[in-house]
Amino acid sequence: MKYIVIGLGNFGLVLSTRLTELGHEVIGIDRDMTRVEQYKDKITSTICMDTNDSHSLGMLPLDECDAVVVAIGEDFGSSVMTAAHLKHMGVKRIIGRAINELHSTVLSAIGVTEILTPEKDSAERFAKKIQLTGVIDSFQLSEKCAILEVPVPEAYWGDTIEEVDLENRFKVKLVTVKRRVPQKNLFGQITEVSQVLTELSQELILMQGDSFVVFGAMKDLQRMFDLSA
C-alpha cells in the first residue's frame, strides 16, 4: 500500500518508519530540510515541502495513495491549512492528527473524518491498524488474539444480535456495539460521535453505521471480516 505522511516530528517519523518496515511505500514530507535528509534512509522516500502551498501539494501523487496522514502537531495553522487543501483536492482518505479538542473540532469541521490524538493512538499501534482494511480500531493482545472494532456489515443491518450469533458462527466474542449519534460541536454544527452501548440485549437491532467490538483469534476474525483480502 502507498501512504503520504506529512510532518516528520516524533509521531510522523515513527509512523513513517514503521509503515516502511512493514513493506509499504511511504512518502515522508517535512518543510525542515534537516529532518528530510536525516530520515531519508529510514523512509521509502522523503521530500522537503511547505504543504501550506497548494500548488506544491498538488504535485504529489495524491490519487495513487491509499491515505494521506497529516501528522503535523504543534503548528495548528499549518495542520488545518494542509488538511483543507487536501480536502479541496478531493483526496479520498485524509487522516488528521490533533493535539487537543479544539484542533480535533476544527479538523472535523472541514471534513476530516479520521482523527487521532497522541493520547489515544501511538504511531506504532496506528501503523498496524491502518493496514487492516475496514478496521476502525484494534488492540493486539498476542500474536494470535486481538480485539477489533469493525463496521457492522451491510448484510447484518436490520438483524438482531441473536440472529447474527457471532460466537457460534465465527467463534468470536461480541464485547459491545458502538453506535453513531448526533452531537453539536463547539461551532454549533451537528456532527456524529460514537457512543458505546453499555447494555446489550439479544433483541438489539443492528443499524447502518453501527460497529462491532469483538474479541477472538486472528484467524477467526480474518475469516469473519475477510481482513486478509
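Preceding block: the structure.
Residues numbered from 1 in each chain as written. Predicted model: local features only at pLDDT ≥ 70, side-chain atom pairs only at ≥ 80, totals over all residues. Heavy atoms only, no water.

1. Quick notes on a nonpolar patch on the surface
Under the convention used in this document: Surface patches are drawn from residues lacking salt bridges whose relative accessible area is over 30%; two like charges belong together within 9 Å, two nonpolar side chains (Val, Leu, Ile, Met, Phe, Trp, Tyr) within 5 Å. The protein chains shown are the only cover counted for residues, whose accessible areas, like all others here, come from Shrake-Rupley with a 1.4 Å probe. In what follows, salt bridge is the name for a side-chain nitrogen of Lys or Arg lying within 4 Å of a carboxyl oxygen of Asp or Glu. In this description a helix means any DSSP run of H or I spanning at least four residues, a strand means any run of E spanning at least two, and both kinds are numbered starting from the N terminus.
Taken together, the side chains of Phe 139, Leu 141, Val 175 and Phe 215 define a hydrophobic patch exposed on the protein surface, amounting to about 360 Å² of accessible area. When you line up the elements, Phe 215 lands in strand β11 (residues 211-217).

2. Examining the side chain of Arg 97
Spelled out, the test is: Burial classes: relative accessible area under 20% of the type maximum marks a residue as buried, over 50% as exposed, and values in between as partly exposed (1.4 Å probe, protein chains only). Counted as a polar contact is a pair of N or O atoms within 3.5 Å, where, for protein atoms, one must be capable of donating a hydrogen and the other of accepting one, and residues adjacent in sequence contribute only when both atoms are in side chains.
Considering the arrangement of structural elements, one finds Arg 97 in strand β5 (residues 94-97). Overall, the relative accessible area of 15% leaves Arg 97 in the buried class. Among the polar contacts made by the side chain of Arg 97, one reaches the main-chain carbonyl oxygen of Ala 71 at a distance of 3.4 Å.

3. Points about the pairing of strand β2 (residues 25-30)
What counts is decided by this rule: Strands were regarded as paired on the criterion that DSSP finds at least two bridges between them. Orienting the strands away from the viewer, one traces the path from the first strand over the helix to the second; a clockwise path indicates a right-handed crossover.
Summarising burial for β2: five of the six residues are buried, a large majority. Here strand β1 (residues 2-6) runs beside β2; their pairing, made up of five bridges, is parallel. Its bridge partner being in β2, Lys 2 is matched across the sheet by Glu 25. Following the backbone out of β1, through helix α1 (residues 10-21) and into the adjacent parallel β2, one traces a crossover that is right-handed. Strand direction decides the pairing type here: β2 and strand β3 (residues 45-48), joined by four bridges, are parallel. Across the sheet, residue Asp 30 finds its bridge partner in β3, namely Cys 48. At this point the chain moves from β2, through helix α2 (residues 33-38), to the parallel β3, and the crossover so formed is right-handed.

4. A word on the environment of Gln 208
Locating Gln 208 in the fold gives a position in the loop between β10 (190-197) and β11. On the accessibility criterion, Gln 208 (60% relative accessible area) is exposed. Distance from Gln 208 to Glu 154, taken between C-alpha atoms, is 7.1 Å for residues 54 residues apart in sequence.

5. A few points about the environment of Leu 13
For clarity, the threshold we go by: Here, residues are in contact when the closest pair of their heavy atoms is within 4.5 Å.
Within the secondary structure, Leu 13 is located in helix α1. Spatially, the C-alpha atoms of Leu 13 and Lys 42 are 8.9 Å apart, while their sequence positions differ by 29 residues. Filtering out sequence-adjacent residues up to four positions away, Leu 13 remains in contact with Leu 8, Tyr 39 and Ile 43.

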